[in-house]
Amino acid sequence: MSVAPWLQRQRTSLLAQRGHAWLLHGPSGLGQYELALELARAWLCERADRPQEQGACGACASCHAIDVRAHADLCVLLPEVEMLALGWPLDEKAQAEIDDKKRKPSREIRVEAMRAAVEFGQRTSARGRGKAVLVFPAERMNTISANALLKTLEEPPGDVRFVLATGAAHLLLPTIRSRCMGHQMAWPQPEEASQWLQAQEGVAAADVPVLLAATGGRPEEALRMHAAGRSARAWSALPQALARGDMGAVGGLAPAELIDAMQKLCHDLLRTGQGAAPRFFAAADLPSPARLETLLQWSRKLQDSARIAEHPLNAGLMLESLVALAKTALNSRPP
Ligand SMILES: [Zn+2]
């Protein structure tokens, strides 16, 4: 994936400043991870004749080592599910535990991984260009991990730099926030976002407005949606399918994804009920107006469900009850 122009601009401005620890924050899905990785790549890049603000060269041994996820001076701290999704290797012990089905990949940044990162910070740089630690999403550190990191941030070993990235900075320890230089992620211009998305492999021009609307104007997230096989057509068809209680329309979605889509739909119906334009769906794809009280009830139930969505006792049952709730809400009619 080519680095989007709005991320390139942010990279240039961050690399022109000094700072051994950055916190990239702002609404989720604005390319926090991509920008964090770009910073780490530039810090470690070995093309000495290149001004660092231009970012990594993409061709040296260091850049190559990062591309193949095997750079000795880069420590990436992500929840294991994210590590696996983004192609980063787990340490041997963690991988063995998961292979032996002793446990599932974690959704938090594990304390063991954080301790390894702290040790990494104290080691000598292997390639001689310093070291980098990338933490994403930083709010997935628990208190123990966060405190271990905090000690390192307070007394950083000489040649290690940190980049923390988050879509939920309010969930971080204030002491962590205050130890980092903050950078608020910038929104891309709608025109720029749509041009970039259209230029990505396999994205049909007609799908671009639907994917961008579905993600509230977040092109990186729109591309991930596309890459995960969530089509623009399925998104447009979702409201009517839910109104019919059609389970086929939600096949393959994780409960958290379905709740997110339903929250967007509920939000849009509340907006159109007030005469405003929908934000995430096209007006033509929405079912008939629903009863306000029922929508508000639905919205509260979705919030409750969101809290347990990552650890449902039975994902299939959860999807069924979510679809049943949606059907009831969408078929309520204003008095
Ligand atoms: Zn390079």
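Refer to the preceding data block for the structure.
These notes cover the structure that comes with them. (Residues numbered from 1 in each chain as written. Predicted model: local features only at pLDDT ≥ 70, side-chain atom pairs only at ≥ 80, totals over all residues. Heavy atoms only, no water.)

**Quick look at the coordination of the zinc ion**
For the zinc ion, the full set of protein donor atoms is C45 (SG), C57 (SG), C60 (SG) and C63 (SG), at a range of 2.3 to 2.4 Å. For the zinc ion, the four donor atoms are set out with angles of 101 to 117 degrees between them, so the coordination reads as tetrahedral. Mapping the donors of the zinc ion onto the primary sequence gives the spacing C-x11-C-x2-C-x2-C. Considered together, C57 and C60 belong to a single accessibility category, that of buried residues. (Donors = N, O, S within 2.8 Å, 3.2 Å for Na, K, Ca; no water. Tetrahedral: all angles 85-135°; square planar, octahedral: opposite > 155°, others 65-115°. Buried < 20%, exposed > 50% of the residue type's maximum accessible area, 1.4 Å probe, protein only.)

**A short note on the pairing of strand β4 (residues 160-165)**
Burial analysis of β4 places five of its six residues in the buried class, the great majority of the element. Where strand β1 (residues 21-25) lies against β4, four bridges are found, and the strand directions are parallel. Looking at β4, one finds that L23 is bridged to L164. Pairing of strand β3 (residues 131-135) with β4, which is carried by five bridges, proceeds in the parallel orientation. (Helix = DSSP H or I, 4+ residues; strand = E, 2+ residues; numbered from the N terminus. Pairing = 2+ DSSP bridges.)

**Section: helix α12 (residues 232-243)**
Turning to α12, its buried residues are A232, W235, S236, L238, P239, A241, L242 and A243. Close packing links the buried residues of α12 with α10 (208-214), α11 (219-227), α13 (255-273) and α15 (315-330). (Contact = heavy atoms within 4.5 Å.)

**A word on the nonpolar core**
Ranked by size, the top nonpolar core spans 72 residues in total, and within it L24, L74, W88, L197, L242, M262 and W298 carry the most contacts. Domain assignment of the residues forming this core places at least three in each of domain 1 (5-184) and domain 2 (231-330). Those residues in contact with W298 that sit more than four places away from it in its chain are M262, L265, C266, L325, A326, A329 and L330. Among the nonpolar cores identified, the runner-up in size contains 22 residues, and A21, M114, M141 and L153 belong to it. (Core = buried A, V, L, I, M, F, W, Y, C linked by side-chain atoms within 4.5 Å. Domains from an automatic or database assignment.)

**Focus on the environment of T294**
Its place among the elements puts T294 in helix α14 (residues 292-308). With 35 residues separating them in the primary sequence, T294 and A329 have C-alpha atoms 5.7 Å apart. Discounting residues that sit within four places of it in the chain, T294 has contacts with A329 and S332.

**Considerations on the packing of helix α9 (residues 190-198) against α11**
At a minimum axis distance of 10 Å, the contact between α9 and α11 shows a crossing angle of 30 degrees. Between α9 and α11, the interaxial angle falls into the category roughly parallel. Judged by the sense of rotation from one axis to the other, the crossing of α9 with α11 is right-handed. Of α11, the residues touching α9 (which contributes A193, W196 and L197) are P219, E220, A222 and L223. By residue class, the composition of the contact of α9 with α11 is six nonpolar, no polar and one charged. (Axes fitted to C-alpha atoms, helices over the stretch in contact; angles between N-to-C directions. Parallel < 35°, antiparallel > 145°, perpendicular 65-115°, else oblique. Left-handed = near helix turned anticlockwise from the far one by under 90°. Nonpolar A, V, L, I, M, F, W, Y, C, P; charged D, E, K, R; others polar.)

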